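Each chain, written out:
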Amino acid sequence: MRIATWNVNSIRQRLDSLQAWLKERAPDIVCLQEIKCQDHDFPREPLEALGYNVAVHGQKTFNGVALLSKLPFDEVAPGLIGDDGDVQARFLEALVSTKTGVVRVVSLYLPNGNPAPGDKYDYKLRWMDRLIAFAADRLRLEEPLVLAGDYNVIPTPLDAKRPEAWVNDALFLPQTREKFRALANLGFTDAIRAVSDDGGLYSFWDYQAGAWQKNDGIRIDHLMLSPRATDKLVDAGIDKHVRSWDKPSDHVPVWVDLAIEGR
DNA sequence: ATGACCCTCAAGGAGGGA
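Here the structure is a predicted model, which is why all the values come from computation and not from measurement. (Residues numbered from 1 in each chain as written. Chains lettered and ligands numbered in written order. Predicted model: local features only at pLDDT ≥ 70, side-chain atom pairs only at ≥ 80, totals over all residues. Heavy atoms only, no water.)

(A) Spotlight on the environment of leucine 233. Structurally, leucine 233 can be placed in strand β13 (residues 233-238). Residues leucine 233 and glycine 200 lie 33 residues apart in sequence; the distance between their C-alpha atoms is 22 Å. Apart from residues lying up to four places away in sequence, leucine 233 is in contact with Ala194, Val195, Leu225, Val256, Asp257 and Leu258. (Helix = DSSP H or I, 4+ residues; strand = E, 2+ residues; numbered from the N terminus. Contact = heavy atoms within 4.5 Å.)

Shown next as structure tokens:
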């Protein structure tokens, strides 16, 4: 089973690229972020035509997450526990059944948090605490669980071309990285780091300042695997070439292959 | 080089992103 995550930066602007990439990579489950539309504006039909079931947690203009799955959804639940007043659409959880058992998947869009310090950074840190609480709860189920999405976290200096440029940024501040480690320390494995210790593995290049041409990137899109998912890990990768396509998102897809029979 | 983007929307600049 192949599970992927991609911050598309507007689903309506990226539909052609998404369709092309789905045909090329053939993922079983896809976690999308920054769809930037309401549920009724999500282009369900062309994605269903490619064989995907579609679940959407949208929001006008900003944020918005979705899930695509070749397998039908047994359960779908929008929203992250811990703050009933949070109206930002950043979290969508689903359960699917395979021949050998269930797989639980979350598409998440963690707040950027800039400028830091400030209200936005406080929201980011609280959101990370809520994610840790959610993850700790779900771990008790002992299921294969994949927490996939745009974390807006640069985990280590190896994950940026110019780490010195990010030292005061909400994506790389010590508290941000501490909370990311706290999530990992619950027992979650960063899929990309499980298969490679290399530098130069990036998932985002800014549109500005020729960042892509200079390979001035950062790795902020992650697939975090529960122990039961890590047991099944076969491979993981980043589809860097997608950044060179026409009208690209500033993020590229990241994927993991698990030894679980899909479809 | 103090420069270089892209997306959304009660639609012209403003706000958000990272």
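On we go from here.
(B) Structural detail: the protein's contact with DNA strand B. Neighbouring DNA strand B are 25 residues, the closest being Ser10, Glu34, Tyr109, Asn112 and Asn152. Among the atoms of DNA strand B lying within 4 Å of the protein, the sugar-phosphate backbone contributes 77%. Between DNA strand B and serine 10 there is a distance of 2.6 Å, counted from a phosphate oxygen to a side-chain nitrogen or oxygen. At 2.9 Å, a side-chain N or O of glutamate 34 approaches a phosphate oxygen of DNA strand B. Looking at which element gives the most residues to the surface near DNA strand B, the answer is helix α1 (residues 11-25), with 3 residues. (Near = heavy atom within 4 Å. Polar contact = N/O pair within 3.5 Å; in protein donor to acceptor, adjacent residues only side chain to side chain.)

(C) A look at the packing of aromatic side chains. Across all of its chains, the model carries 6 aromatic pairs by this definition. Measuring from centroid to centroid gives 5.6 Å for tyrosine 151 and phenylalanine 180, while their planes differ by 90°, and the two rings are edge-to-face. Here phenylalanine 180 lies in helix α4 (residues 174-185) and tyrosine 151 lies in the loop between β8 (145-150) and α4, a separation of 29 residues in the sequence. You'll find tyrosine 151 and phenylalanine 180 in the same group, each marked buried. Centroid distance tyrosine 202 to tryptophan 205: 6.4 Å. Interplanar angle 80°. Geometry classified as edge-to-face. A residue is classified by how much of its surface remains accessible, and tryptophan 205, at 0% relative accessible area, is buried. Taken together, the ring pairs connect Phe91, Trp127 and Phe134 into an aromatic cluster. Above the face of the tryptophan 255 ring, arginine 2 is positioned so that its terminal group lies 5.1 Å from the ring centre. Positioned above the aromatic ring of tyrosine 52, the side-chain terminus of lysine 70 is 4.6 Å from the ring centre. (Phe/Tyr/Trp six-rings, centres within 6.5 Å; stacked < 30°, edge-to-face > 60°. Buried < 20%, exposed > 50% of the residue type's maximum accessible area, 1.4 Å probe, protein only. Lys NZ or Arg CZ within 6 Å of the ring centre and 35° of its normal.)

(D) Layout of the pattern of salt bridges. Evaluation of the coordinates by the stated rule reveals 18 salt bridges. Between aspartate 41 and arginine 12 there is a salt bridge; the shortest N-O distance is 3.9 Å. Linking aspartate 41 in the loop between β2 (29-33) and α2 (44-48) with arginine 12 in helix α1, this pair joins segments that are 29 residues apart in sequence. A salt bridge links glutamate 93 to arginine 138; the nearest nitrogen and oxygen atoms lie 2.7 Å apart. Remark: arginine 138 occurs in helix α3 (residues 119-139) and glutamate 93 occurs in strand β6 (residues 91-98); sequence separation between them is 45 residues. As far as burial versus exposure is concerned, glutamate 93 and arginine 138 are alike and both buried. (Salt bridge = Lys/Arg side-chain N within 4 Å of Asp/Glu carboxyl O.)

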